[in-house]
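Report on the structure
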Amino acid sequence: TYNRKELLRECLRAVLSQTRPPDHVLVVDNASTDGTREMLREEFPQVEVLALPENGGGAVGFKVGLREAYQKDAEWFWLMDDDTIPTPTALEELLSGRDAFLEVKASLPLLLGSAVYWTDGTPHRMNWPVFFEGEVDFFRLARAGLIPIKQLSFVSLLISREAVSVSGLPLEDFFIWFDDVEYTYRITRRAKEAVGALVVNSVVIHASRANVRPYEVGVERMHLFYYAVRNRVWLCKLLPDLRSKVYHIGGLVFNVWLFLKRNRWRPSALWTTFRGLCVGIVTRPRK
């Protein structure tokens with residue numbers, strides 16, 4: 001969380017009132033200055049708060065939070081942003097999906113995700129999964145309400161301890177955007193059959209400012225597109241298979257064109273894009 005205490009309050013109320021509540025709740029605060037920590041202390045004393053000295057973005061939050069929970073010997077980790085509002089049965093359905101996956105595949109999944117909607121009930125455009133092609137048990141999984149996936153977002157993602165043990169932690173240098181793409185793909189990329197699924201009956205609301213993709217950010221947040229460009233260049237370096245590289249190169253070119261066209265080729269838009277490309281090309285995220 002970072003300076004969104006009203007949304008965080010709504011998120012925590014939804015998390016704590018689940019039909020199957022989490023065993024422990026950890027909030028990572030990215031150096032908020034809006035009274036977030038005071039609100040947490042007064043209204044949610046049962047929640048553990050990990051207060052960071054500076055804002056390292058969502059990527060740092062997920063990394064240190066996951067590391068902290070792993071060190072506490074948790075078996076499953078339910079990740080979300082502060083603007084994720086889970087419906088009352090979201091976690092119960094994820095755990096039911098875990099059990100159904102085990103029944104079909106005779107092994108536990110490494111990760112499971114929820115169906116993500118915006119506040120108006122439409123699917124959220126920024127949280128679309130990448131599906132796993134060629135799954136031999138696709139129809140059996142589908143009958144159980146599970147869709148095999150290759151990539152998921154951090155908006156309501158349930159990860160197993162085994163996944164973290166084998167694949168490590170998210171990369172903090174991503175700051176925002178595409179850190180979840182890299183991380184979930186890192187977990188699934190070597191699998192010959194699906195090791196994760198979207199649980200269609202687990203529903204959350206992603207209460208972002210607007211239902212948009214990174215290239216559609218408003219003028220006041222144009223600077224954030226730098227991360228979308230830089231991080232996608234990094235993905236092209238990090239993802240090992242040619243198909244994924246081509247996909248993200250194509251996505252980068254198309255999104256840059258849409259961003260520049262939308263912003264009428266303003267100098268600030270051109271500079272944001274140029275800077276993201278240059279930094280992405282000459283650097284790599286730290287492991």
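Everything discussed here concerns the structure shown above.
Figured I'd write up the structure that's included with this text. Only a predicted model underlies this, so the values are computations on that prediction, with no experimental measurement involved. (Residues numbered from 1 in each chain as written. Predicted model: local features only at pLDDT ≥ 70, side-chain atom pairs only at ≥ 80, totals over all residues. Heavy atoms only, no water.)

**As for the packing of aromatic side chains**
Two descriptors summarise a pair of aromatic rings, namely the distance from one centre to the other and the angle between the planes of the rings. Selection rule: Only centres within 6.5 Å qualify two rings of Phe, Tyr or Trp (six-membered ring in Trp) as a pair; their planes then separate them into stacked at under 30 degrees, edge-to-face at over 60, and tilted for everything else. In DSSP terms, a helix is any run of H or I states spanning at least four residues, a strand is any run of E spanning at least two, and both are numbered starting from the N terminus. Whether a charge lies above a ring is judged from NZ of Lys or CZ of Arg, which has to be within 6 Å of the ring centre and within 35 degrees of the ring normal.
Overall, the coordinates contain nine aromatic pairs when judged by the stated rule. Judged by centre distance (3.8 Å) and plane angle (15°), the ring pair of Phe225 and Phe259 falls under stacked. In this pair, Phe225 sits in helix H8 (residues 225-238) while Phe259 sits in helix H9 (residues 242-262), placing the two residues 34 residues apart along the sequence. Aromatic rings pair up to connect Phe62, Phe154 and Tyr183 into one cluster. It is Arg161 that lies over the ring of Tyr70; its NZ or CZ is 3.8 Å from the centre. Across the ring face of Tyr226, the terminal group of Arg275 is positioned such that the distance to the ring centre comes to 4.0 Å.

**Re the environment of Ala59**
Considering the arrangement of structural elements, one finds Ala59 in helix H3 (residues 57-71). In this structure, the C-alpha to C-alpha distance between Ala59 and Trp177, residues 118 residues apart in sequence, is 8.1 Å.

**A short note on a positive patch on the surface**
The condition is simple: Like charges within 9 Å and nonpolar side chains (Val, Leu, Ile, Met, Phe, Trp, Tyr) within 5 Å are joined into patches, using only residues over 30% in relative accessible area that form no salt bridge. To measure how exposed things are, a 1.4 Å probe is used in the Shrake-Rupley method; for residues, cover is taken only from the protein chains shown. When a carboxyl oxygen of Asp or Glu is within 4 Å of a side-chain nitrogen of Lys or Arg, the pair counts as a salt bridge. Charged residues are defined here as Lys and Arg on the positive side and Asp and Glu on the negative side; His and the ends of the chain fall outside this count. Note that the charge is assigned to NZ on lysines, CZ on arginines, CG on aspartates and CD on glutamates.
Together, Arg189, Arg190, Arg284 and Lys287 make up a region of like positive charge exposed at the surface. Tracing the backbone shows Arg284 in the segment after helix H10 (267-282).

**Quick notes on H10**
Threshold: Expected helix span is taken as 1.5 Å per residue step, with the number of steps being one fewer than the number of residues. When checking whether two residues touch, look at their non-hydrogen atoms; a contact exists if any pair is within 4.5 Å.
End to end, H10 covers 22 Å across 16 residues, agreeing with the expected 22 Å (1.5 Å per residue, within 8%). The inward-facing, buried residues of H10 contact H8 and H9.

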